[in-house]
Amino acid sequence: MSRIGFIGLGNMGGPMVRNLIKAGHSLKVFDLSEEAMNFVVQSGAKAAKSVKEAASGVEFVISMLPVGVNVKEVFMNDGVIAAADKGTILIDSSTIDVETAQAAYEAAKVAGFDMIDAPVSGGVTGADAGTLTFMCGGDKNTFEKAKPILQCMGKNIIHCGNAGLGQVTKICNNMLAGINALAASEAMVMGERLGVSRQTLYDVISTSTGRSYIFENSNPMSGVCTNSPANNDFKPGFMAKLMLKDLRLSQAAAQSASTSTPLGAVATAAFQQLIENGHGDADTSSIIKVIDPQLK
Ligand code: NAD
């Protein structure tokens with residue numbers, strides 16, 4: 001069993017830590033939020049007082065932070081890289097921009113550490129159940145060493161290529177998920193206004209060619225499928241502001257690859273509108289409010 005430092009204990013990091021503890025690993029954790037810390041300490045993790053304390057005396061450091069700036073701060077600015085013991089493997093599971101992921105990998109390499117980017121899909125439900133998909137970028141042998149640890153938190157652990165390519169895979173997925181959430185909203189609102197019940201729309205489309213994972217599992221219309229955040233006043237789940245972050249990352253990446261992504265651009269604008277309307281902390285499925293602000 002391994003000694004693991006874990007930094008970032010929010011909606012995703014919290015349940016991921018609990019699964020590592022369940023698998024028998026010894027966890028040292030840090031978060032800026034005391035509440036987030038207490039939550040995992042109750043599950044058996046040891047509280048560290050700083051990033052550096054969480055990163056020292058362990059074999060693996062895993063981070064699950066909101067954005068690239070946080071990853072820079074935690075790894076590069078007198079943080080993990082300065083404090084970790086020789087041979088510690090560094091794993092960043094946050095969803096961040098490709099450039100920062102590659103810069104963190106290079107900074108780790110220069111200091112003698114192996115690092116992978118390993119963003120996830122599967123949301124809070126997958127984090128709870130230990131069924132996340134990990135999309136990993138970095139050296140293949142570092143990936144192989146990290147894999148048994150990632151398997152305690154996920155079901156599909158995939159090497160996508162060199163440093164940063166886990167993040168590329170992730171933003172391709174999330175661009176599609178954002179587009180699908182908006183598309184599902186359009187179809188559900190239009191069908192109901194034209195007289196078909198929302199349940200009939202759901203039942204038919206879920207077994208037809210318009211189906212998607214989002215449509216079936218996080219349908220933006222309330223009451224049609226179990227477990228959709230729409231049934232629970234759009235409590236996240238995956239916050240709309242994080243989806244906007246990922247869509248923006250996808251648009252920056254599309255530009256750098258000279259790729260036209262018109263649907264990604266429309267979804268980015270729609271989520272921007274949703275957030276300007278004050279729904280940034282609501283689940284992604286609340287994008288339906290852009291299509292029908294009065295929806296019940
Ligand atoms: P969150 O905001 O719930 O948690 C992030 C945690 O990081 C917070 O507790 C915050 O206090 C902590 N933090 C921030 N800066 C820190 C620092 N310098 N030192 C220590 N702790 C710090 O976010 P989340 O939903 O857990 O998402 C984390 C990452 O996972 C994001 O990049 C997100 O895009 C990605 N993600 C989220 C989901 C989801 O469904 N929530 C799904 C897939 C991927």
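Residues numbered from 1 in each chain as written. Predicted model: local features only at pLDDT ≥ 70, side-chain atom pairs only at ≥ 80, totals over all residues. Heavy atoms only, no water.

Trainee: Lay out the overall build of the protein in plain terms, naming residues and giving numbers.
Mentor: Each helix and strand in the protein was counted, giving 14 helices and nine strands. Relative to the globule expectation of 19 Å for 296 residues, the C-alpha radius of gyration of the protein, 20 Å, shows essentially globular dimensions. Taking the principal axes of its C-alpha atoms as reference, the protein extends roughly 65 × 45 × 35 Å. Here the protein holds 296 residues, and the buried ones make up 51% of them. Residue pairs at least 24 apart in sequence account for 63% of intrachain contacts in the protein once pairs closer than 6 positions are excluded. By element, 54% of the accessible surface of the protein is carried by carbon and sulfur atoms, the whole surface being about 13,500 Å². The positive charge centre, built from 24 side chains, and the negative charge centre, built from 27, are 4 Å apart in the protein. (Helix = DSSP H or I, 4+ residues; strand = E, 2+ residues; numbered from the N terminus. Rg over C-alpha atoms; globule rule 2.2 N^0.38 Å. Buried < 20%, exposed > 50% of the residue type's maximum accessible area, 1.4 Å probe, protein only. Contact = heavy atoms within 4.5 Å. Areas by Shrake-Rupley, 256 points an atom, 1.4 Å probe, with all protein chains shown as cover. Lys, Arg positive; Asp, Glu negative; His and termini not counted. Charge placed at Lys NZ, Arg CZ, Asp CG, Glu CD.)

Trainee: Can you tell me about the pattern of salt bridges, naming the residues and giving the values?
Mentor: Taken as a whole and assessed by the stated rule, the structure comprises eleven salt bridges. Three or more residues joined by partner-sharing salt bridges are found here, namely K109, D114 and D139. (Salt bridge = Lys/Arg side-chain N within 4 Å of Asp/Glu carboxyl O.)

Trainee: Explain the site of the ligand to me, and be specific about the residues and the numbers.
Mentor: In the neighbourhood of the ligand, 24 residues make up the surrounding shell, with N11, M12, D31, L65 and P66 lying closest. A distance of 2.6 Å separates an oxygen atom of the ligand from a polar side-chain atom of D31. In this structure, an oxygen atom belonging to the ligand sits 3.0 Å away from a main-chain N or O atom of T95. In the complex, the protein chains occlude 90% of the 830 Å² of accessible area that the ligand would expose alone. Taken together, the residues of the shell around the ligand break down into twelve nonpolar, eight polar and four charged. (Near = heavy atom within 4 Å. Polar contact = N/O pair within 3.5 Å; in protein donor to acceptor, adjacent residues only side chain to side chain. Nonpolar A, V, L, I, M, F, W, Y, C, P; charged D, E, K, R; others polar.)

Trainee: Go over the domain arrangement of the protein, please, and point to the residues and values.
Mentor: The domains assigned to the protein are domain 1 (3–162) and domain 2 (168–291). If you average the C-alpha positions of domain 1 and of domain 2, the two centres end up 28 Å apart. Taken together, the contacts link 13 residues of domain 1 with nine residues of domain 2. Both sides of the domain 1 and domain 2 interface together cover about 930 Å² of buried area, and 69% of this is carbon and sulfur. Summed over the three residues of domain 1 that lose the most area to domain 2, namely T95, V98 and M135, the buried surface amounts to 41% of that side. Applying the counting criterion to the domain 1 and domain 2 interface returns zero salt bridges. The interface formed by domain 1 and domain 2 contains three residue pairs in polar contact (both at pLDDT 80 or more). (Domains from an automatic or database assignment. Buried area = accessible area lost by both parts, 1.4 Å probe.)

Trainee: Describe the pairing of strand 8 (residues 132–137), listing the residues and the values that go with them.
Mentor: Burial analysis of strand 8 places six of its six residues in the buried class, which makes it a mostly covered element. The two faces of strand 8 match: L132, F134 and C136 on one face and T133, M135 and G137 on the other face are all buried. Sheet analysis places strand 7 (residues 120–121) next to strand 8, joined by two bridges and oriented antiparallel. Paired with V120 across the bridge in strand 8 is F134. Sheet topology places strand 8 next to strand 9 (residues 154–161); six bridges connect them, and they run parallel. Paired with G137 across the two strands is G161, which belongs to strand 9. Of the crossover connections in this fold, the one passing from strand 8 over helix 8 (residues 140–150) to the parallel strand 9 is right-handed. (Pairing = 2+ DSSP bridges. Right-handed = clockwise from strand over helix to strand, strands pointing away.)

Trainee: Pulling in residues and values, what's your account of the packing of aromatic side chains?
Mentor: As enumerated under the stated definition, the model contains one aromatic pair in all. Ring plane angle 5° and centroid distance 5.8 Å describe the contact between Y202 and F215, whose orientation is recorded as stacked. Of this pair, Y202 sits in helix 10 (residues 198–205) while F215 sits in helix 11 (residues 213–217); the two residues are 13 residues apart in sequence, bridging distant segments of the chain. Note on Y202: relative accessible area 12%, which makes it buried. (Phe/Tyr/Trp six-rings, centres within 6.5 Å; stacked < 30°, edge-to-face > 60°.)

Trainee: Pulling in residues and values, what's your account of the state of the cysteines?
Mentor: According to the stated counting rule, one finds zero disulfides in the structure shown. Free cysteine C160: the closest other cysteine sulfur is in C136, separated by 6.6 Å. Lacking any disulfide linkage, C172 is separated from the closest cysteine sulfur, that of C160, by 9.9 Å. (Disulfide = S-S within 2.5 Å.)

Trainee: Account for the packing of helix 9 (residues 165–193) against helix 13 (residues 262–276), naming residues and giving values.
Mentor: Geometry of a packed helix pair, given as the angle between the helix axes and the separation of the axes. Two numbers describe how helix 9 lies on helix 13: the axes approach to 9 Å, and their chain directions differ by 65°. The orientation of helix 9 with respect to helix 13, classified from their angle, is roughly perpendicular. Classified by chirality, the crossing of helix 13 by helix 9 is left-handed. Contact residues: helix 9 offers M175, G178, I179 and L182, while helix 13 offers L263, G264, V266, A267, A270 and F271. Of the residues contributing to the contact of helix 9 with helix 13, the split by class is eight nonpolar, two polar and no charged. (Axes fitted to C-alpha atoms, helices over the stretch in contact; angles between N-to-C directions. Parallel < 35°, antiparallel > 145°, perpendicular 65-115°, else oblique. Left-handed = near helix turned anticlockwise from the far one by under 90°.)

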